[in-house]
Structures are given as C-alpha cells and as structure tokens.
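Structure assessment
Now for the letters of each chain:
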Amino acid sequence: MIGRPPAQDDRRDARGRSATGVLTAVGYPLLGAALLVVLWWLAIKLFVEPGSFLSAFAPDRGARALVDLVGDGTLNRHVIASLKRILVGLGIAAVIGIPFGLALGGLPVFSKTIGPVASFVRMVSPLSWTPLAIIWFGVGDQPVYFLIAIGAVWPIALSTSAGVAALDPQWLMLGRSLRASRVELLRTIVWPGIRADVLTGLRLALTTAWIILVPAEMLGVDSGLGYFILDSRDRFAYSDLVAAIVVIGALGFLLDRAAHYLLTPRRRTARRPARQRVTGPAEVALAEPGAREYRI
Amino acid sequence: MAASPLRVSGGTRRFGARGQQFTVFEGLDLEVEAGEVFVLLGPSGCGKSTLLRVIAGLDELDEGTVAIAAEEHGRDVGIVFQQPLLLPWLSVRENVTLGLNYDANRSADEPGLVDRTLAEFGLTELADAYPDELSGGQAQRVSLARTVVTRPRVILLDEPFGALDPLTRRNLQQWLLGIQQSLGLTVVMVTHDVEEALLLGNRVALMSPSPGRICRTWELSSESREARPMADLREEVLQTYAEVARLAPGNTSGFAAGL
C-alpha cells in the first residue's frame, strides 16, 4: 500500500494532483529512502566481517530490533519522555523568545544594547551549558528543558524580531489614528501582523530542539531517546542503537512535517501590501491596487 | 450657534535639528464650520499633509493651538489616508469594526451601528470579503467607513482618492459628496487636484509652500456657484495655484519632498 501523500500545504504541489504529481510527492522520497537502505546494507556487507559486532548495525538487524522494541513497549516510554521534553522546552523558549523578539524588533535602544550580547550567547552551542545546567538544576528533566529552551529561543526571538521590524509602519499609524492604546495596538495590529513570522520561528525552533534533545538526554536522565542510545551502547545492543537512530530521524522528520502543516497559516495573514509611495501629481497612480505590479 | 468644531490658531511646525531647521508652515490659522467640506489645496511640499497629521493628533505643533470641540459620543477627529491601509487578515466587516473595539471609541458603539454603516457605504454584500478581493475604490470606501463608524466630529481626508484610477476617482468623489451631505459630515480634505477641490469643497483654501501658509480662500456656497461661471473660477484658482507652485522649493522637481 502506498501511504497517503504527506500533508501538502505547498500550493505548487496541491495544484496538479496528477499521477506524476503523486510520483513526485511519494515515489521519489521512497526511492531515496530505498537507496539509503541499499547503500547501508552494501556497506555492512562489503566492509564488515560476518559475525563481528559491527554486523549488528545492519539494516535488517535494526529493523528486527525496532519491531521488538515497539512490540514490548520499551521504545514507547522513551519516545513519550522525549516528546514531553520537546514540548516543555519549546514552550519555555516561546514564552521567553516571543516577548524578547518583540522588544528586539520594536525598541531600538533595547536592540542596540542587548542585540550584540544576544548574538554572543546565541553562538555558544547549547550543549556547552550542560555542566552548568546540571549544577543549577540537578539531574532530571529540568536541565534538559533548559538546554532545549536555550537553543530554541533564538529562532523564535529572531523571527519575531524580523517580523516586527518588517511590520508596515503605516499600520501602526492607522492604529494610533483610531486611538488604540499600546496594548490594543499590540493585540490587534502587531500580533496578527507578525503571527506568520512567529510560526516560522517556532518551526525552526522545533528542528533545533530536536537536534539538541538527544545529546541533552545523555546526561542525568533515565528515559528518552538520547538515554536509550547510550543505554543500548552500554548493553552492547547495537541493533537497538540502530533502531533508536532510525526512530530519532523518522520522528524528527514527522515532527517537522507536522509543524509545517500545523503552523503554516492557511487563512490570510500579514503579507504586507506592495508598498507604493505617491509623492506628487506626476506620480499619481493610474491603476487600482490590484494592478499595481504591472505599473512601471 | 455652536462653536466651530475645529480651529487652528497660529500653527507652526518645524522639522529638523536646531541650526538646519525647516519650517513646514508658520502662523497658520483656519476655522472649519460644522457640516462643511473644507479643502486644503496646494502643491506637494506646502505642508498640507503635515497640517492634517497635526490635526489628527499624529504630529504636534511647535507653536500655536489646535482646538477641537468634542462630540458627546464618539471621538473628535478621524483621518482617512491615501492608502486604504486595510488589515489583510480581517474581513471588510472586521476592518470597519476595528476602531470600535478600542476603549477610546467604545462609547460611539451602539447596536446595529456597524450594519447601518456598511449599508450606508454600500458594503453590505462585501461584508465577508477580504481586502485582497476588493478593488481600489471598494477598499477606500471600507477605509472611509472604518473612520466614519467611530463618529468623529471632523473627518480628515488625506488625498483619499490619489491612488485611484481616474474613473473610480470620479465615482468616489460623487459618492463622497452624497454621503457627506446625507450624514452631515464635517470634512477637512487635502488635495493637489484643483478639479477635486472645486467639485467637493464648500471652501477651498490654497496653501503656498516654504513656509506653508494659507494665501487665499474661495467660498463655494451654492449662491456663489450660481453667481459666477465655474469655468471662470476654475481659471482663477488654476492661475493662483500655478503662481504658488512656482514658490515650491526646486519647483519642477520639487514634488519629491512630499511633505
């Protein structure tokens, strides 16, 4: 059975749902995956002596381990633990990153003062904080939340800030002319105007968070996919390790797709109108806004 | 008779830092009567848009005062810009309602007000449409409805038809005239279009640039319209306009200043 094509929100793909369209959407990715498995199998076949411990890394061994691990529920526990950490970490990153991005994009003094510091902190790999995180928060979930949040906060903050900076200043003028208070401006004009940017930031942050998650779970916790990888190594269960890697890749892929689907706004959001400036009689526009692009 | 809804006395506005200051307008007086259309006519750069922004509360005078008689319900002034500035994520109805959701205008709201306004502006059937489905003329009507619905005492129009094609422009001018009279709106309008000024204005004030001041005012009451031929008046206004435009800084290419 060919699976349902992955959720499409890209209009280019949605336009022509012909047989070739389905082939492009599903067939080629499957072909790529098959190619990877073949190369993987070949590499083990050619370079690894049969019976050596490395042969446990073969795709068929991994697949069998995966079936067993899913079957006896071992993997589910770790997947759920990991997903929970991702959600909490992302939540913290959003709660901090969105207001931070608003300030960065909207307050020039703040961005001049804090901007360079933020760039400095952003360049420190989140995992560099691991020892500090464990000293601060002890062992358990909290240091993992911290590491995910400190990595995921930047895409959110920067996208939000870019959205604020690109907001049409005329919309703010309009709001003020209608006597909106600052809070009302934020609620009715700024937030809807930057929502698409914030969602983009969240998607990027999810990817970052997923990449941080696995190494972050290698210290101080006894569940999660990162923990499971180390645990498999310690048990010399290399086929389990392979299964875990496949699950991490597949879940990350699915999360990214899901985020793409859920967080891409379908209804009109703020795409600012083509900006035009009419400064004098010589430039009086001769077309209605719909035809603007064709002028000049 | 009630006090005039809007009076500017000795209005002066300067831009720029001390030393290189540029006086936009100086010692400017004007008084607008209830129910009239007062047109500020002038070449670009004469400061008429800045004056409008000052009256709208979006900018401040360096000297002088703006006095606006407050309405019992609703607010004192509302402005309509050259661009409709509709929020693309809101439907026509939601765009029109935007201002009523703000605390400052809540007292203007009453049951049925939005529906009535949509009907008055011929927007009932477009109520659920989104801005990217509207023509330029329709969008500007929504923009005007959004301001009128908050029931400002004075409505300021900053070249509201400047970005429209000539035909739509002409239709909207006629339509504005009708709605202004039926709702008894007090309007201050800025334009550089002499035809538009003569068509819509009860009074037309010509502003001269650098520094901006009102150099001449024409009364266009119905009596005076009958008393002298329109063509004659148009000729006079055009001629004065041409003289004034020559004063504009770097007149031939001076439109770029856009003040």
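Refer to the structure printed above.
Quick look at the structure, then. (Residues numbered from 1 in each chain as written. Chains lettered and ligands numbered in written order. Predicted model: local features only at pLDDT ≥ 70, side-chain atom pairs only at ≥ 80, totals over all residues. Heavy atoms only, no water.)

Residue and element names in this part refer to chain B. Across the sheet, three strands lie side by side as S2-S1-S4; this open sheet has antiparallel pairing. The strands lining the two open edges of the sheet, one partner per strand, are strand S2 (22–32) and strand S4 (63–68). The average angle at which neighbouring strand axes cross in this sheet is 20°, direction not considered. Judged from the five bridges that link them, strand S1 (residues 6–15) and S4 form a sheet pairing that is antiparallel. Within S4, the residue paired with Ser9 across the bridge is Thr65. (Pairing = 2+ DSSP bridges. Helix = DSSP H or I, 4+ residues; strand = E, 2+ residues; numbered from the N terminus. Axes fitted to C-alpha atoms, helices over the stretch in contact; angles between N-to-C directions.)

Residue and element names in this part refer to chain A. Mapped onto the elements of the fold, Ser82 is located in helix H4 (residues 74–106). Judged by relative accessible area, Ser82 falls into the buried class, the value being 0%. Setting aside residues no more than four positions away along its own chain, Ser82 makes contact with Leu213, Glu217, Gly224 and Leu225. (Buried < 20%, exposed > 50% of the residue type's maximum accessible area, 1.4 Å probe, protein only. Contact = heavy atoms within 4.5 Å.)

Next up on the list: the packing of helix H3 (residues 59–71) of chain A against helix H11 (residues 238–263) of chain A. Residue and element names in this part refer to chain A. Across the interface, H3 lies against H11 with an axial gap of 8 Å and an inter-helix angle of 80°. By the angle between their axes, H3 is roughly perpendicular relative to H11. For the pair H3 and H11, the contacting residues are Arg61, Gly62, Ala65, Leu66 and Leu69 in the first and Ser239, Asp240, Val242, Ala243 and Val247 in the second. Class assignment for the residues of the contact of H3 with H11 results in six nonpolar, two polar and two charged. (Parallel < 35°, antiparallel > 145°, perpendicular 65-115°, else oblique. Nonpolar A, V, L, I, M, F, W, Y, C, P; charged D, E, K, R; others polar.)

We now examine helix H10 (residues 225–234) of chain A. Residues and elements named next belong to chain A. Taken together, the buried positions of H10 are occupied by Leu225, Gly226, Phe228, Ile229 and Ser232. With its buried residues spanning 165° around the axis, H10 presents them on a single face. Packed against the buried residues of H10 are H3, H4, helix H9 (182–216) and H11. Trailing H10 by a residue or two, Phe236 shows a phi angle of about 55°, which is positive. (Arc of directions from axis to C-beta.)

Residues and elements named next belong to chain B. Strand order in the open sheet formed by six strands is S5-S6-S7-S3-S8-S9, with mixed pairing between adjacent strands. Looking at which strands have only one partner, the edges of the open sheet turn out to be strand S5 (77–80) and strand S9 (213–219). Between one strand axis and the next, the sheet turns by 20° as a mean value, whatever way the strands run. As defined by bridge partners, strand S3 (residues 37–41) adjoins strand S7 (residues 187–191) across five bridges and the pair is classed as parallel. What sits directly across from Phe38, in S7, is Val188. Against the sheet, helix H4 (residues 136–148) touches S5 and strand S6 (154–158), its axis set at about 170° to S5.

On to the pattern of salt bridges. Pairs can form between side chains of opposite charge once their charged atoms are near each other. Residue and element names in this part refer to chain A. Inspection of every chain in the model, using the stated rule, returns 18 salt bridges over all chains. Where Asp240 meets Arg235, a salt bridge forms, and the shortest distance between an N and an O atom there is 3.3 Å. Residue classification places Asp240 among the buried positions, given a relative accessible area of 12%. Each of Lys84, Arg85, Asp141 and Glu217 takes part in a single network of salt bridges with overlapping partners. (Salt bridge = Lys/Arg side-chain N within 4 Å of Asp/Glu carboxyl O.)

So, about the pairing of strand S8 (residues 203–208) of chain B. Residues and elements named next belong to chain B. With six of six residues buried, S8 lies mostly within the body of the structure. In this sheet, S8 lies alongside S3 in parallel orientation, the contact comprising four bridges. If you follow Leu40 over to S8, its bridge partner there is Ala205. Direction of pairing for S8 relative to S9: antiparallel, over a ladder of six bridges. Each residue of the ladder has a partner; that of Leu206, found in S9, is Arg216.

All names here are of chain B. Both faces of S5 are covered, namely the face carrying Val77 and Ile79 and the face carrying Gly78 and Val80. By the bridge criterion, four bridges tie S5 to S6 in an arrangement that is parallel. By the bridge assignment for S6, Ile79 is matched with Leu156.

Tracing the sequence through the fold places Ala58 of chain A in the loop between helix H2 (19–47) and H3. We classify Ala58 of chain A as buried; its relative accessible area is 8%.

In short, shape yes, function no, at least from these values alone.
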